[in-house]
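Residue-level listing of the chains:
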Amino acid sequence: MSITTRRFTGSDADFALKTTLWNKAWPEYYRTEKIHRHDEETRNKEYYFIELIIEQDGTPIGMGEYMDDWDTDIDDDYFFMLYIDPDADFQAAANAFMNAMNADVASRGGKTSGTIMLENHEDRCQLLKDHGYTPAMREPRSELDVTSFDFSRYDWVDAKMADEKIEIVGLAEVKSRFADWQQRSYDLDWPIVSDIPTTVELKRQPFEEFIKHFSHPNHLVDGGYYAIDGDQLVGLSVVKAVDGNPEQLSVGITGVLPSHRRRGIATALKLETIKFARRYGAKIIKTDNEENNPMYDLNVQLGFKPKPALLIFEKNLQPQTTSEEA
Ligand SMILES: CC(C)(COP(=O)(O)OP(=O)(O)OC[C@H]1O[C@@H](n2cnc3c(N)ncnc32)[C@H](O)[C@@H]1OP(=O)(O)O)[C@@H](O)C(=O)NCCC(=O)NCCS
């Protein structure tokens, strides 16, 4: 048995293959070919990004991609994703990919490497550990059944928002009220994003990168809700389409400026997304949150049910200095 890797070519056949392999390996994060193509076209090309197809005796059995992670504060911080056909030999396929990646990343002076894996795939997690990766963060996935959501539990929220003088409006209203809505969204985003638990320090996205998400195929104008205090945007909650599955929505982001927290604003925003999900015809909203993030508790209070968690694995690629050397 010979396992080899080759570069993804961008051909129609390779895009079809990528879509099939991704959906077999990560059905929880189903993606159509349209999304893969969109992401390929709009990816920030300044950053190193390599896709490898893994073949057994010439037959594709998996793919892996790795990139210099542009949104972290560390230069030469690499991140990779594996999507291997569950019927294939995961260990052999992953080893072939990781050997090819490791040689390249080492030659580029990579300092850290990370990836994600679902915790219920214990054998895959073990393989990562065998390669020196350790779990650095746990993010339970969770899902809300919107069809049975009981809004009467939250009948106090409208009065609370009126009391707090906070308006909750949709993105269409934000656009019509503020000509500079994109800049305002960008200004709202960073203080929130920088408070989301991560394994590494994040770097602020350039404005041009940030606004790309408003034209992503999964973006829904009616899925975005904003909290306004006077004429300032102070919070948001966004749900996105799950391409190819109209019965599901996924959470993009929920956040409130530090100055406005613990006033029920996130709760009010989430309720609007759930009402929208009902109008949209979705049965579930899915999300994942770091396990100690108050957002996770808030979601559980709302009725989100935990699913197997994503584990974020990290590996330091720098030679370790011993205490005698230091
Ligand atoms: C998580 C977050 C959105 C909560 O916003 P918020 O407007 O303060 O939330 P609410 O006021 O609606 O809180 C509702 C309930 O959630 C729980 N909760 C919220 N923040 C909490 C905290 N810091 N500690 C403990 N419980 C908390 C409480 O039960 C709270 O009810 P209570 O205030 O009556 O006790 C906000 O802290 C935030 O923006 N964090 C950074 C961004 C982030 O991590 N987003 C999630 C990932 S996308």
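1. A short note on the overall build of the chain
Scanning the chain from N- to C-terminus turns up 10 helices and 12 strands. Relative to the globule expectation of 20 Å for 326 residues, the C-alpha radius of gyration of the chain, 21 Å, shows essentially globular dimensions. Along the first, second and third principal axes, the C-alpha set of the chain runs to 65 × 50 × 35 Å. Per-residue burial over the chain gives 28% buried out of 326 residues. Across the chain, every contact between residues at least 6 apart in sequence was considered, and the portion connecting residues at least 24 apart equals 69%.

2. A short note on the pairing of strand S10 (residues 248-256)
Of all nine residues in S10, seven are buried, a share of seventy percent or more. Sheet topology note: the strand S9 (residues 232-241)/S10 ladder contains seven bridges and is antiparallel. Bridge pairing links Ala-241 to Leu-249 in S10. Counted along the chain from S9 to the antiparallel partner S10, the turn is six residues long, and its residue Gly-244 has a positive phi close to 85 degrees. Note: S10 against strand S11 (residues 284-288), three bridges, orientation parallel.

3. Some thoughts on the site of the ligand
Taken together, 20 residues form the shell around the ligand, and within it Arg-261, Ala-266, Thr-267, Pro-294 and Met-295 come nearest. When residues of the shell around the ligand are traced back to their parent elements, those giving at least two are S10, helix H9 (265-280) and helix H10 (294-302).

4. What about unusual backbone geometry?
Although it is not a glycine, Asp-57 adopts a positive phi angle of roughly 45 degrees. Looking at the element boundaries, Asp-57 is found in the loop between strand S2 (49-56) and strand S3 (59-68). For Asp-57, a count of 9 C-beta atoms within 10 Å puts it in the exposed group. The phi torsion at Lys-165 lies on the positive side, around 55 degrees, for a residue other than glycine. The residue Lys-165 is located in the loop between helix H5 (157-163) and strand S7 (166-170) in this model.

5. Structural notes on the domain arrangement of the chain
Along its sequence, the chain is organised into domain 1 (3-110) and domain 2 (142-307). Inter-centroid distance (C-alpha atoms) of domain 1 to domain 2 is 30 Å. With 13 residues of domain 1 in contact, the opposing surface of domain 2 contributes 14 residues. The dominant element in the side of domain 1 that touches domain 2, judged by the number of residues it contributes, is helix H2 (residues 33-42), at four residues. Its residues placed into classes, the side of domain 1 that touches domain 2 shows three nonpolar, five polar and five charged.

6. A word on the environment of Arg-184
Relative to the elements of secondary structure, Arg-184 occurs in helix H7 (residues 181-193). Among the residues examined, Arg-184 registers 18 C-beta atoms within 10 Å and is labelled partly exposed. Taking C-alpha positions, Arg-184 is 14 Å from Gly-170, a pair spaced 14 residues apart along the chain. Here Arg-184 is in contact with Phe-178 and Leu-233, once residues within four sequence places are set aside.

7. Some details on the sheet that holds strand S6 (residues 134-145)
Pairing is mixed across the open sheet formed by 12 strands, whose spatial order is S1-S2-S3-S4-S5-S12-S6-S11-S10-S9-S8-S7. Taken across any chain shown, the strands that pair with only one partner, and hence form the sheet edges, are strand S1 (3-7) and S7. When strand polarity is set aside, the average angle formed by the axes of neighbouring strands in this sheet is 25 degrees. Here strand S4 (residues 77-84) pairs with strand S5 (residues 112-118) via four bridges, running parallel. Within the sheet, the bridge partner assigned to Tyr-78 lies in S5 and is Ser-113.

8. Observations regarding the nonpolar core
Membership of the largest hydrophobic core comes to 29 residues, with the highest contact counts inside it found for Tyr-226, Ala-227, Val-239, Ile-265, Leu-269, Ala-277 and Ile-285. Contributing elements (two or more residues each) for this core: helix H6 (171-177), strand S8 (224-229), S9, S10 and H9. For this core, the element with the highest residue contribution is H9, accounting for eight residues. Not counting chain neighbours up to four residues away, the residues in contact with Ile-265 comprise Ile-166, Ala-227, Val-234, Gly-235, Val-256 and His-260. If you look at the next biggest cluster of nonpolar residues, it comprises 23 residues, including Tyr-66, Phe-80, Tyr-83 and Val-105.

Rules used throughout
Residues numbered from 1 in each chain as written. Predicted model: local features only at pLDDT ≥ 70, side-chain atom pairs only at ≥ 80, totals over all residues. Helix = DSSP H or I, 4+ residues; strand = E, 2+ residues; numbered from the N terminus. Rg over C-alpha atoms; globule rule 2.2 N^0.38 Å. Buried ≥ 20, exposed ≤ 12 C-beta atoms within 10 Å, placed from the backbone. Contact = placed C-beta atoms within 7 Å. Pairing = 2+ DSSP bridges. Near = placed C-beta within 6 Å. Domains from an automatic or database assignment. Nonpolar A, V, L, I, M, F, W, Y, C, P; charged D, E, K, R; others polar. Axes fitted to C-alpha atoms, helices over the stretch in contact; angles between N-to-C directions. Core = buried A, V, L, I, M, F, W, Y, C linked by C-beta atoms within 7 Å.

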